[in-house]
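Residue-level structure breakdown
Here is how the chains run, residue by residue.
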Amino acid sequence: MSRVYIGNLDPHVGQDELMHACSKFAMPASVWIARNPGGFAFVEFSDTRAAEVVVAGMQDALLGQQRVKAELAKNKGKNAAPAGNSAALSLAAPVDAPRSQRHRAVLRNLPPAYEWRTLRDE
């Protein structure tokens, strides 16, 4: 899956309107619009080529009352992907990575009572 960042988004643009605009170039798998603070969105596509086509087509497009900017999303940190209500698990580190980095898991949406020591010991 590849994601496209849509910036300078008019706050009155909804998911359906954004999905319709993107579907002129490739069919989106999902759309997430930021609301607080607003002004940007992430649109997910099934493959990188589709995302690249959308970036080229949506760059400087008029959506609502504003011209948007579009670029391939960069996955960084805990804000890398908009998470739904379910717990998210992402595994990272190549096989040839040093042993200290080989086994890494990021768990989100755990109850506040959980401590990392409890998870480590289980």
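The structure we're discussing is the one just above.
Attention here is on the structure that accompanies the text. Keep in mind that this is a model prediction, so the values were computed, not measured.

About the thresholds
Residues numbered from 1 in each chain as written. Predicted model: local features only at pLDDT ≥ 70, side-chain atom pairs only at ≥ 80, totals over all residues. Heavy atoms only, no water. Helix = DSSP H or I, 4+ residues; strand = E, 2+ residues; numbered from the N terminus. Buried < 20%, exposed > 50% of the residue type's maximum accessible area, 1.4 Å probe, protein only. Areas by Shrake-Rupley, 256 points an atom, 1.4 Å probe, with all protein chains shown as cover. Salt bridge = Lys/Arg side-chain N within 4 Å of Asp/Glu carboxyl O.

In this section: the overall build of the protein chain. Across its full length, the protein chain carries 4 helices and 8 strands. Each helix and strand of the protein chain, ordered N terminal to C terminal, gives the series β-α-β-β-α-β-β-β-β-α-β-α. The buried share of the protein chain, reckoned over its 122 residues, is 25%. Only carbon and sulfur atoms are counted for the fraction: they give 51% of the accessible area of the protein chain, which is about 8,700 Å².

Next up on the list: the pattern of salt bridges. Here the idea is simple: oppositely charged side chains can pair when their charged atoms come close. A full pass over the atoms with the stated rule returns 2 salt bridges. Linking Arg49 and Glu52 is a salt bridge whose minimum nitrogen-to-oxygen distance equals 3.7 Å. One end of the pair, Arg49, and the other, Glu52, are both in helix H2 (residues 48-58), 3 residues apart, so they sit about a helical turn from each other. For Arg49, a relative accessible area of 55% corresponds to the exposed category.

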